[in-house]
Amino acid sequence: MRISTSQIFLQGIDTFGEQQVKISKLQQQISTGNRLTKPSDDPAASARVLELDQTVTQALQYQENITLADNRLRLEETTTDGIENVVFRLRELAIQANNASLDSTSRNAIGVEMNERFAEFLSLANTKDANGDFLFAGFQSGTQPFAEATTGAIRHVNYLGDQGQRSLQISQTRQITVDNSGSELFLEIPSLTALNETVANANTGTGNIAPAQVYDASTFVPSNVTITFTSATTYDVTDSATPANNVVGAVYTDGSAIDVGGVRTSITAAPATGDVFTISQGQYKNVFETMQTLVDTINAPTVDQRSANIAGFLTDIDNFFTRVLEVRTSIGGRLNALDSQKDANEANIVVTQSTLATLRDTDMTAAISQLRLEQTTLEAAQAVFARITSSTLFNFLN
Amino acid sequence: MPDLLNTATSGLLTFQRALSTTSHNIANVNTPGYSRQSVEIVSKNASVIGESFYGNGAQIQSVSRAYDQFLTQEVRDTTSVHSRLEKFAELASHIDDVLADPQGGISPSLHELFGSIQDVSDDPASTTARIALINTAQSFTARFNNIDERFEQLANNTNSDIREVVNEINDLVVAIRNVNSALNDSHGFGGGSQESSDLLDKRDGLITELAEKVEIQVLTDPNNQMSIFIGNGQNILTGQTASSLLAKPNSANPTQDVIVYNGQITVFDISEQLKGGELGGLLDFRKNVLGEARNALGRSAIGVAEAVNAQMRKGMDLNGNLGQDLFSYTDPQVISASTNTGTATVSSVVSDISTLRTDDYSLNFDGANWTITSTSGSTATVANGAPATLVFEGVTHTINGAGAALGDSFIIKPTLFGSKSIEVVISDPNLIAAAAPIRSSASLNNLGTTAISPGIVTDETNVNLLTPVNFSFTSATSFTSNATVVVGVTSYAPGAAIPYSNNVQVEANGFRVNLSGAPQAGDVLNVQSNAGGTGDNRNVLALANLQNQSIFNGGKANFQEDYGSLVGFVGSQTNAANIERDAMGTLLKQAESRNSSLVGVNLDEEAADLVRLQQAYQAAARIITTAQNIFDTLIRSVS
């Protein structure tokens, strides 16, 4: 077979070109440490790398969320700790105050401390988290959840939050709640002396009933109390359990106390003729009401009333303890869950990153020895080219 | 008796010419397309003297080039295929580069966007986190816009390349025609039947150059005139009559040029028939890679926008209003064909991401019905109307068919401008809808253990969504509501008794809640507007979860997988083109080398010829001396 002179040159040059392309590719892979410089290098691996990258980024975000969730739950834990301490002290004070031999000065001193402890308790209930959000306000975390108020003769604490709970995402499939609503922790406490107040739907006046309280546990019997206005200024009272407590034609004064069988309430504003207000047995008593009754009890007129009220307080506050304990147990459980999820995420990150490395990273040993090989081939090709092109018949013709 | 001197002179002349051919070969050793030439030396007719024949020396019969039709055609055909693949691979690698850039691709900004969404869920009331979300959303859309800009540039460059190549093709055809006519003039020059080897070389070179631009078929007639055909046998050159191609904007789609065959008899759009060569590569790339990649990127953008917007609308912003769209994009592009004679109009909107495809569509009117056909061949039909609505592959087309004329057609590109047009439309951080619009509660006066789930929005367009709703139990097994309530398939008017069972699912005013527990008469459960719920992150958690939801491709791919499949598609197209190009490159080299081994000049061979001819020339010259000596001897003997 013939071979043309230009072919000899072209073949040599083609080989150099091919080798140089391979060497430049290897150089890029080695210097960047990245095997995939373009999707076309390995299309399937490139798409897979994108997905794994997302898995890692997401897992890192979940770890960040876990830290925040952890912070928030620990804040709640510390706060409930403080709440427990205050309640312990109030319990002690209540028992002290129940001592019949105590003189009124000492009892007043106890009353002063009780008031302070109550204020401290209220401020704990209004705790803010690191972002300035109220911890126990439910969704309405921008609003202070607990506020003292007075309706007529009754002092009480209003809840301005809701029953919502915030969750954070801690893995692709798992959310964890990072607080408890104030309603759950402070309001929904079961009690035998819980009272519900109802304003009849058919009422035409503007009359409003204050939260009713058991101010004298010694005379309290669970019952339905109905207050019916016979005119704008007079009302009748019916006590379903103790008809002896029934009143006819009492005179209405805006905001004055209405006492029926150990229960005290107030009606404010302007009720109209025929308006009906009822007080019935309820399920939940909020812990502020329990405390308010205790504070008020210090000045109770009779020993019987005082000791019955304090006994009631002790029962109610034990129910509250149970709730705090439930919440703390659940916080502990959630903190544990966070820890184990954190480990799981970490393990996921490590595994994914190692998969990423095998897909994406240059195998240095292989790449460098490959580079040596390609260089040797190139050098050999160059040497052969020089030899072949230097021999021509013209050299021998003179 | 033959003349010794004449015989010697014929040898001298013959060898001189042969030497000149050899030197022509040597001089052209590096000339591309040059075929080595050789002389055919024959002996002159002999003189008859008596009964014997006496030779009269040598002469040159012909100078011819080394040529093999099969080898030439092989090179030409391989060149067409190779240059198509080369062009295609070169263009595809541009897209490959765009998507490869780790800073420039979509992926990192997608991660950032969802990271910011998570940050808002961590602290929903934080203005800083909300501003950061708007900023990352803006850089996310800017990334889409930038990549599309580069795609568009590539589309414009491809278009101008197509025009350029078409001009080159026309120039080459004219040049070949000129050689044809030069050959016709020189045919039989001097009474012989030889063609000029150099002209033939020139024409072969031009034809190979033409084959580089587009696939051609070549026919040579007995007079050595060449005819060239393109496409499905349209003649672009017949002997000395050349036709031309013309690149001009598509009547149905002015952004893309079509190629029109400007024949002697017919004029028509030949784009679909042109294959091979650079032109084939350009057309192939434009249709199968660039168009597809742009549509796929557009679909990704539309998908993110639609999914995020839908979730945003289900939420409540910091001002206590229902959420608004975060992103906007332009609706599908509808192009009315310039040949339409009717007055029908079409408008299209994307209505379902999960079935949205990356196809383009044509909508044609046959006088009674509209038929839509996708580029992948699926079709649907709807009777004409004003309006007629056609829901097809995730897009709702509203056809106002009054005044439609037979043959009217529209091109619809649902996803082409998705990536170009996506932008963030919210600038006020308070408008990020992080909260759910409703919250539920159980009354503290309840005597039972009734509980209510947080509630899910099923229809954010319900005007009563934010109106307070209560569920009041009249007994342990029955309740009423102040709103119309749907349980299962049964609807209950406000105030009607609704049977209760544990975990009953009820729907009212566009939300759904679960009621559970053991109720007592008088228990009340409430659902109300979540105004003031600044610490609620339920909706932003749902937004964050969109990252893992398979919303594309009939519920089979999430955002990342959808974008990943685009990267995979472009990568494998480029990869395949590179491999095929290299394989075809090897074939081309083999074909060239086969051809070159026949027609190429070998200097050693020429050197040998040089020596051979030189020696023969010297010998012939020696004969002249001999003849002179003979003559001298004769003269001396007579003097």
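Just above sits the structure.
For clarity, every value in this text was computed on a predicted model and none was experimentally measured.

(A) Broad picture of the packing of helix α1 (residues 5-32) of chain A against helix α9 (residues 559-599) of chain B. Taken N-terminus to C-terminus, the directions of α1 of chain A and α9 of chain B make an angle of 165 degrees; their axes are 10 Å apart at the nearest point. What the angle tells us is that α1 of chain A and α9 of chain B run roughly antiparallel. As α1 of chain A packs across α9 of chain B, the resulting crossing turns out to be left-handed. Of α9 of chain B, the residues touching α1 of chain A (which contributes Ser6, Gln7, Asp14 and Glu18 of chain A) are Lys589, Ser593, Ser596 and Ser597 of chain B. The residue inventory of the contact of α1 of chain A with α9 of chain B, partitioned by class, reads no nonpolar, 5 polar and 3 charged.

(B) Fine view of the sheet that holds strand β18 (residues 388-392) of chain B. Residue and element names in this part refer to chain B. Spatial strand order, β14-β19-β18: 3 strands in an open sheet with antiparallel pairing. The open sheet has two edge strands, β14 (345-350) and β18, and neither has a second partner. Pairwise comparison of adjacent strand axes, ignoring direction, gives a mean angle of 20 degrees for this sheet.

(C) Structural detail: the sheet that holds strand β29 (residues 498-499) of chain B. With antiparallel pairing, the 5 strands of this open sheet are ordered in space as β22-β32-β25-β26-β29 (chain B). Of all strands in the sheet, those with a lone pairing partner are β22 (438-442) and β29 of chain B, marking the two edges.

(D) Representation of empty space enclosed by the protein within the structure. All names here are of chain A. For the structure shown, the criterion picks out 5 cavities of 30 Å³ or more. Forming the boundary of the largest cavity are Thr193, Val214, Ala217, Lys285, Thr290, Thr293, Leu294, Asn309, Gly312, Phe313 and Asp316. Those elements that provide at least two residues to the lining of the largest cavity are α5 (287-297) and α6 (303-360). The leading source of residues in the lining of the largest cavity is α6, at 4 residues. Of the residues in the lining of the largest cavity, the class split is 4 nonpolar, 5 polar and 2 charged.

(E) The interface of chain A and chain B, seen in detail. Residue-level contacts link 54 residues of chain A with 69 residues of chain B. When the buried surface of chain A facing chain B is broken down by residue, Arg2, Gln54 and Phe139 of chain A rank first, second and third, together holding 15% of it. Scanning the region where chain A abuts chain B turns up 5 salt bridges. Here Lys38 of chain A makes a salt bridge to Asp97 of chain B, at a shortest N to O gap of 3.2 Å.

(F) Region of the structure containing a nonpolar patch on the surface. Judged by side-chain polarity, Phe631, Leu634, Ile635 and Val638 of chain B come together as a nonpolar surface patch covering roughly 420 Å² of accessible area. One can find Phe631 of chain B in helix α10 (residues 603-638).

(G) Region of interest: the pairing of strand β20 (residues 409-413) of chain B. Residues and elements named next belong to chain B. With 4 of 5 residues buried, β20 lies mostly within the body of the structure. Here 4 bridges tie strand β13 (residues 333-336) to β20, and the two strands are oriented antiparallel to one another. Following the sheet pairing, Val334 is matched in β20 by Ile412.

Scoring rules and cut-offs
- Residues numbered from 1 in each chain as written.
- Chains lettered and ligands numbered in written order.
- Predicted model: local features only at pLDDT ≥ 70, side-chain atom pairs only at ≥ 80, totals over all residues.
- Heavy atoms only, no water.
- Axes fitted to C-alpha atoms, helices over the stretch in contact; angles between N-to-C directions.
- Helix = DSSP H or I, 4+ residues; strand = E, 2+ residues; numbered from the N terminus.
- Parallel < 35°, antiparallel > 145°, perpendicular 65-115°, else oblique.
- Left-handed = near helix turned anticlockwise from the far one by under 90°.
- Contact = heavy atoms within 4.5 Å.
- Nonpolar A, V, L, I, M, F, W, Y, C, P; charged D, E, K, R; others polar.
- Pairing = 2+ DSSP bridges.
- 1 Å grid on protein atoms, 1.4 Å probe; cavity = no way out; pocket = protein on both sides within 12 Å on 5 of 7 lines; lining within 4 Å.
- Points joined across faces, edges and corners; volume = space filled by probe spheres on them.
- Buried area = accessible area lost by both parts, 1.4 Å probe.
- Salt bridge = Lys/Arg side-chain N within 4 Å of Asp/Glu carboxyl O.
- Patch = residues over 30% accessible without salt bridge, like charges linked within 9 Å, V, L, I, M, F, W, Y side chains within 5 Å.
- Areas by Shrake-Rupley, 256 points an atom, 1.4 Å probe, with all protein chains shown as cover.
- Buried < 20%, exposed > 50% of the residue type's maximum accessible area, 1.4 Å probe, protein only.

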